[in-house]
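# Close look at the chain arrangement
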Amino acid sequence: MHELPFVESVLKITVEQAQQAKAKRVVGVNLVIGDLSSMVDESVQFYWDIVSEGTIAEGAKLHFKRLPVVFQCKDCGTKYQLDGKHLACPKCGSTHVAIVGGDEAHFESIEIE
Amino acid sequence: MGTRTISVVENILDANDRIAQANQELFDSTKTFAINFMASPGAGKTSVILRTVQYLNSRYRMAGVDGDVATTIDADRMAAIGIPAVQINTGGTCHLDAVMLSGALPKIELSEVDLLIIENVGNLICPASFKLGSHLDVLIASVPEGDDKPYKYPKMYRGVKATLLNKIDLLPYLDFDVEYFRKGVEVLNPGLAFFQISAKTGDGFEAYIDWLRNQIDVYLERA
Ligand SMILES: Nc1nc2c(ncn2[C@@H]2O[C@H](COP(=O)(O)OP(=O)(O)OP(=O)(O)O)[C@@H](O)[C@H]2O)c(=O)[nH]1
Ligand SMILES: [Mg+2]
Ligand SMILES: [Zn+2]
Ligand SMILES: [Zn+2]
């Protein structure tokens, strides 16, 4: 249940951007969310509908682009996803790896009228 | 009236990160070292903190902040051993965030505190996403949770500076492969400090406390 502060932040940024663009209302909000960011789409939309009420963004639809958790091997460069059991590179077995994707929690665009 | 799309480059958690930064500046202004303990429910955060306090009590002036969904039990346990503790009831929220912490800080006389110990809400999923402004983030894992946790919750292990494996007194009774666990931790966070402890028996505390004291003393310029 931590989506509320997250949603409040989304709303604040959305309203600022919409006002800057002299929009009448916001129709849609496009977000990019990595699977490591622990946000549940349904909860985000649920809180959104509540907090956006009475604002320029009331009724706007949230769209989520979900990005998976991606690891990259620092030895052979292979990119891969976790299977829940192994962390090592599936190609060369190296454990010299880094998380290169999945942390995202940012805006892409908003749709306004 | 047509619809237009405008591109927006903003990070959603920037607001939290900015307040975390402000929290840290506040700590730095009073030279207060802040530690954030994170773990799943029941891993032993309070038990580890209470024992840690016993070791450090004569050396530092301490205070505690306890994040809990609804009760004040853990803050009361700290207060009972003489550590002034502030409870943050998150009202159902599953982690502490920088805003909640900043709301609690005025209740603490930080200028009289060398070491602020923060017990985050018991949760392995999200506390790592919400920085607090602490100087040291420590993850406590415990033997009954199983040795596959780094593989399932990689994020929690990434941002922390140390992992404590607690409840090692239970190792003889459970199938817990310390090497497998440790390998996972090491992959996610190479070089991170790793200690095996039991808050029940006190096993392993010397090495962990030595390390911790060093972290604090370097910050306080006492080293
Ligand atoms: N066997 C054993 N039990 C422990 C150890 N450390 C803590 N416990 C027990 O584990 C239970 C939970 O300990 P707490 O310290 O309350 O854990 P916590 O992480 O603070 O729990 P929450 O704040 O409720 O999330 C208690 O029954 C403790 O007595 C340990 O090293 N060994
Ligand atoms: Mg506790
Ligand atoms: Zn490889
Ligand atoms: Zn949370």
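Residues numbered from 1 in each chain as written. Chains lettered and ligands numbered in written order. Predicted model: local features only at pLDDT ≥ 70, side-chain atom pairs only at ≥ 80, totals over all residues. Heavy atoms only, no water.

## Details of the overall build of chain B
So the rule is basically this: Starting at the N terminus, helices and strands are each numbered in turn, a helix being any DSSP run of H or I of at least four residues and a strand any DSSP run of E of at least two. Radius of gyration here is computed from C-alpha atoms only, and the compact-globule reference equals 2.2 Å multiplied by the residue count raised to the power 0.38. A 1.4 Å probe rolled over the protein chains alone gives each residue an accessible area, and that area as a share of the maximum for its type sets the label: buried under 20%, exposed over 50%, partly exposed in between. By definition in these notes, contact holds between two residues if any of their heavy atoms fall within 4.5 Å.
The number of helices and strands found in chain B is 8 helices and 8 strands. Taken against the 2.2 N^0.38 rule, which gives 17 Å for 223 residues, the C-alpha radius of gyration of chain B at 18 Å falls within 12% of a compact globule. Structurally, chain B occupies a C-alpha span of about 70 × 40 × 35 Å along its principal axes. In chain B, which comprises 223 residues, the share counted as buried stands at 56%. Residue pairs in contact within chain B that sit at least 24 positions apart in sequence constitute 75% of those at least 6 positions apart.

## Quick look at the site of ligand 1
All names here are of chain B. Note the cut-off: Residues are labelled near a given molecule or strand when at least one of their non-hydrogen atoms is within 4 Å of it. Polar contact criterion, stated in full: a pair of N or O atoms within 3.5 Å, where within protein one must be able to donate a hydrogen and the other to accept it, and residues adjacent in sequence count only if both atoms are side-chain atoms. Reported accessibility uses the Shrake-Rupley method at a 1.4 Å probe radius. Residues are deemed covered only where the shown protein chains occlude them.
Close contacts around ligand 1 come from 17 residues, with Lys 45, Thr 46, Ser 47, Asp 169 and Ala 199 the closest. Note that an oxygen atom of ligand 1 is positioned 2.7 Å from one of the side-chain N or O atoms of Lys 45. Ala 199 is positioned such that a nitrogen or oxygen atom in its backbone is 2.9 Å from an oxygen atom of ligand 1. For ligand 1, whose unbound accessible area comes to 640 Å², protein coverage reaches 69%. Elements represented by at least two residues in the shell around ligand 1 include exactly helix H2 (45-56) and helix H3 (73-80). If you tally residues by element for the shell around ligand 1, the top one is H2, at 3 residues.

## Examining the pattern of salt bridges
Just so we agree on the cut-off: Salt bridges, as used here, are contacts in which a Lys or Arg side-chain nitrogen is within 4 Å of a carboxyl oxygen on Asp or Glu.
According to the stated counting rule, one finds 16 salt bridges over all chains in the structure shown. A salt bridge links Arg 25 of chain A to Glu 113 of chain A; the shortest N-O distance between them is 3.1 Å. Separated by 88 residues along the polypeptide, Arg 25 of chain A in the loop between helix H1 (3-20) and strand E1 (26-34) and Glu 113 of chain A in the segment after strand E6 (105-112) bring together distant segments of the chain. Among the salt bridges present, the one from Lys 152 of chain B reaches Asp 148 of chain B, with a minimum N-O distance of 2.8 Å. Overall, Lys 152 of chain B belongs to the partly exposed group, its relative accessible area being 48%. Via salt bridges that share partners, Asp 35, Asp 41 and Arg 66 of chain A belong to a single interconnected network.

## Quick word on the coordination of the magnesium ion (ligand 2)
Residues and elements named next belong to chain B. Cut-off, in case you're wondering: Sites may look incomplete because water is not among the atoms; the donors themselves are N, O and S atoms within 2.8 Å of the metal, or within 3.2 Å for Na, K and Ca.
The magnesium ion (ligand 2) binds to the protein through Thr 46 (OG1), Asp 74 (OD) and Glu 119 (OE), with metal-donor distances spanning 2.1 Å. Read in sequence order, the donor residues for the magnesium ion (ligand 2) give the motif T-x27-D-x44-E. Of this pair, Asp 74 sits in helix H3 while Glu 119 sits in strand E5 (residues 115-119); the two residues are 45 residues apart in sequence, bridging distant segments of the chain. Comparing Asp 74 with Glu 119, the two get one shared label, buried.

## Some remarks on the interface of chain B and chain A
Selection rule: The term buried area denotes the loss of accessible surface (1.4 Å probe radius) that occurs when two parts are joined, taken as the sum for both partners.
On the chain A side, the residues contacting the 33 residues of chain B number 37 residues. Regarding the contact of chain B and chain A, the summed buried area is about 3,000 Å², with carbon and sulfur atoms giving 63% of it. Three residues, Val 8, Ile 12 and Val 187 of chain B, lead the burial of chain B against chain A; their summed loss comes to 23% of the area buried on that side. At the boundary of chain B with chain A, the tally comes to 2 salt bridges. On the surface where chain B and chain A come into contact, there are 10 residue pairs in polar contact (both at pLDDT 80 or more).

## Observations regarding the side chain of Asn 120 of chain B
All names here are of chain B. In this structure, Asn 120 sits in the loop between E5 and strand E6 (136-142). Residue Asn 120 is classed as buried on the basis of its relative accessible area of 0%. Side-chain polar atoms of Asn 120 contact the backbone nitrogen of Leu 96, separated by 3.0 Å.

## A few points about the packing of H2 of chain B against H3 of chain B
Residues and elements named next belong to chain B. Test applied: Here an angle of 0 to 180 degrees is reported between the N-to-C directions of two axes, which are lines fitted to C-alpha atoms, with helices fitted over the stretch in contact. In these notes the angle categories are as follows: under 35 degrees is roughly parallel, over 145 is roughly antiparallel, 65 to 115 is roughly perpendicular, and the rest is oblique. Working rule for handedness: look at the near helix, and if it is turned counterclockwise from the far one by less than a right angle, call the crossing left-handed; if clockwise, right-handed. Residues are sorted three ways: Asp, Glu, Lys and Arg are charged, Ala, Val, Leu, Ile, Met, Phe, Trp, Tyr, Cys and Pro are nonpolar, and all the rest, Gly among them, are polar.
Orientation of H2 relative to H3, taken along the N-to-C sense of each, is 15 degrees, at an axis distance of 10 Å. In terms of orientation, H2 and H3 fall into the roughly parallel class. Handedness of the crossing formed by H2 with H3: right-handed. Residue-level contacts link Thr 46, Ser 47, Ile 49 and Leu 50 of H2 to Asp 74, Arg 77 and Met 78 of H3. Partitioned by chemical class, the residues of the contact of H2 with H3 number 3 nonpolar, 2 polar and 2 charged.

## Some words on the packing of aromatic side chains
Residue and element names in this part refer to chain B. Worth spelling out the cut-off: Working definition: rings of Phe, Tyr and Trp (its six-membered ring) pair if their centres are within 6.5 Å, and the pair is stacked with planes under 30 degrees apart, edge-to-face with planes over 60 apart, and tilted otherwise.
Scanning the model with the defined rule gives 11 aromatic pairs over all chains in all. Ring centres of Phe 33 and Tyr 219 lie 5.3 Å apart, and the angle between their planes is 55 degrees; this geometry places the pair in the tilted category. Taken together, the residues span a long stretch of sequence, with Phe 33 in strand E2 (residues 33-39) and Tyr 219 in helix H8 (residues 205-220) at a distance of 186 residues. As far as burial versus exposure is concerned, Phe 33 and Tyr 219 are alike and both buried. With centroids separated by 5.4 Å and ring planes inclined at 45 degrees, the aromatic side chains of Phe 176 and Phe 181 adopt a geometry described as tilted.

## Let's talk about the sheet that holds E1 of chain A
Worth spelling out the cut-off: Two strands form a pair only when DSSP identifies at least two bridges running between them.
The strand order across the open sheet built from 4 strands is E2(A)-E1(A)-E6(A)-E1(B), with neighbouring strands paired in mixed fashion. Edge positions in the sheet fall to strand E2 (61-67) of chain A together with strand E1 (4-7) of chain B, since each has one partner strand and no second. Along the sheet, successive strands turn relative to each other by an average axial angle of 20 degrees, direction set aside. Judged from the 4 bridges that link them, E6 of chain A and E1 of chain B form a sheet pairing that is antiparallel. Looking across to E1 of chain B, one finds that Glu 111 of chain A is bridged to Thr 5 of chain B. Its contacts with the sheet put H1 of chain A on E1 and E6 of chain A together with E1 of chain B, and the angle it makes with E6 of chain A is roughly 45 degrees.

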